[in-house]
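Structural features, examined
For reference, the chains in residue letters:
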Amino acid sequence: MNFMKALIVIFAISRSLVTFSSENLIDVCQTSSNFKLCTDSLRADPKSFSADKKVVNRLAQTKEPVLKECLHICEENYGRASSLAAIRADESQLTETSNAVISHDRFGDRATKFIEPTQSGDFWTIAEAIQAEPDRSIERYYIKIKQGTYREYIQVAKKKTNIVLIGEGMKTTIIGGNRSFADGNKTFDTGTVGISGNGFTAQDITFRNDAGPRKFQAVALRVESDMVSFYRCRFEGYQDTLYTRRDRHQFYRDCEIYGTVDFICGNARALFQNCLIQAHIPLDKQYNTITAQERDLKDGQTGLVLQNCTIKASRDLEKMDDITTYLGRP
C-alpha cells in the first residue's frame with residue numbers, strides 16, 4: 001500500500017486526532033499569544049469558524065493584554081459587533097500583535113537583544129540571552145538571532161515568561177543538537193530546546209535534532225507551557241521530533257515538521273495552520289506514524305488540530321512501496 005492510500009485508510013479509523021467545534025477553536029486561539037494570526041486563517045474557511053460576535057464578547061472578559069488590544073482594534077476600526085474578518089484586509093493591523101519581528105508595539109518600548117557567534121552581538125549564545133531577561137515578566141522581550149547554526153541546548157525555564165525568539169529564516173537560523181534515548185537520555189531530556197515559560201513565541205527558526213533514526217527518541221523541541229506560538233518555524237528530526245507535552249494551548253502557523261515515528265506527539269491542545277508535515281524513510285521493518293496524541297481520558301480536552309495542512313512523503317519515501325505511513329495511532 002503506498003503512502004497516500006495508507007494515510008487515507010488510517011485517517012478513517014484513527015482516534016488520535018480530535019475534531020474541535022468552532023467554540024473549541026475559539027478557546028485555542030483566545031489563549032494563543034498570536035490571537036489575530038490564529039483567527040485569521042480560521043475565518044478563511046467559513047464552515048470552520050463563524051463566531052465573530054462570540055469572540056468579541058469573550059475578548060471583553062479577558063485580562064490578557066494582547067487580547068484586550070485585539071478587541072480595542074476591532075472596536076476602533078470596525079465596530080464591536082462587526083466581523084473580525086475585516087482586520088485581515090489591513091495587514092498593518094495584524095502586525096501590531098501577531099508578528100513578533102517588531103521590537104516596539106502598542107504596549108510600550110521593548111528592548112531587542114541580538115545573538116551572533118561573534119563579538120558584534122549582545123550575546124554569543126541564545127541561552128545566555130534568555131537567562132539575562134527578567135523573571136516572570138508580563139511584557140514581551142525580543143531576542144533576535146542572526147543567521148547561523150547554533151549547537152546548544154536551551155531550556156526556557158518556567159519563570160522566563162513572554163520570551164520571543166526571532167531568527168532570520170528557517171533555512172538560515174538553526175538551533176541543533178543530537179541527544180537521544182539510545183545514548184542514555186529519557187525522552188524528556190533529549191530535546192534540543194525545551195519550553196516551560198508561558199507566552200513563548202518563535203519565528204523564522206529551525207529546531208533540529210540530528211541524532212538520526214537509529215537513536216530512537218530524539219526530540220527537537222519540547223513544549224510544556226501555555227499560550228505559545230510558532231510562526232514560520234521548522235522542526236527536524238526522526239522519532240518524537242515535536243513533543244507537545246502537556247495539556248497546554250499551542251499554536252503553529254506556516255511551520256514545517258519532519259520525522260518518522262510519532263513525530264508530532266504529546267498531550268497538548270495544539271492547532272496547526274498551513275503547515276507542511278513530511279514523513280521520511282524509517283528504519284528497516286519499521287512503519288511511520290505522524291501523530292501520537294497521548295490523551296487517555298475519554299472526556300479529555302486535549303488534541304491535535306490540523307487545519308489546511310499539507311501531509312506528504314519525502315522524495316526518497318515516495319520511491320518506496322513497502323513502507324506504511326499512518327496519520328495517527330488508533
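These numbers were taken from a predicted model, which means no experiment stands behind them. (Residues numbered from 1 in each chain as written. Predicted model: local features only at pLDDT ≥ 70, side-chain atom pairs only at ≥ 80, totals over all residues. Heavy atoms only, no water.)

**Some details on the packing of aromatic side chains**
Scanning the entire structure with this criterion turns up eight aromatic pairs. Where F230 meets F235, the ring centres are 5.7 Å apart and the plane angle is 80°; that geometry is what we call edge-to-face. For F230, a relative accessible area of 1% puts it in the buried group. We classify F235 as buried; its relative accessible area is 0%. Its guanidinium or amino end placed over the ring of Y153, R179 lies 3.7 Å from that ring's centre, counting from NZ or CZ. (Phe/Tyr/Trp six-rings, centres within 6.5 Å; stacked < 30°, edge-to-face > 60°. Buried < 20%, exposed > 50% of the residue type's maximum accessible area, 1.4 Å probe, protein only. Lys NZ or Arg CZ within 6 Å of the ring centre and 35° of its normal.)

**Let's talk about the sheet that holds strand β5 (residues 148–151)**
With parallel pairing, the seven strands of this open sheet are ordered in space as β5-β8-β11-β14-β17-β20-β23. This sheet does not close on itself; its edge strands, each paired only once, are β5 and β23 (310–313). Taken over all neighbouring pairs, the strand axes of this sheet differ in orientation by 15° on average, direction set aside. In this sheet, strand β8 (residues 173–177) lies alongside β5 in parallel orientation, the contact comprising four bridges. Within β8, the position partnered with T149 by the bridge is I174. (Pairing = 2+ DSSP bridges. Helix = DSSP H or I, 4+ residues; strand = E, 2+ residues; numbered from the N terminus. Axes fitted to C-alpha atoms, helices over the stretch in contact; angles between N-to-C directions.)

**Some points on the pairing of strand β11 (residues 206–209)**
Note: β8 against β11, four bridges, orientation parallel. What sits directly across from G176, in β11, is R208.

**Side note on the sheet that holds strand β7 (residues 163–166)**
Strand-to-strand pairing in sheets goes through backbone hydrogen bonds, with the strands running parallel or antiparallel. Read from one edge to the other, the open sheet built from eight strands follows the order β3-β4-β7-β10-β13-β16-β19-β22, with strand pairing classed as parallel. In the strand order of this sheet, the two ends are held by β3 (112–115) and β22 (303–307), each with one partner. On average, adjacent strands in this sheet sit at an angle of 10° to one another, irrespective of strand direction. Strand direction decides the pairing type here: strand β4 (residues 141–145) and β7, joined by four bridges, are parallel. By the bridge assignment for β7, Y141 is matched with I163.

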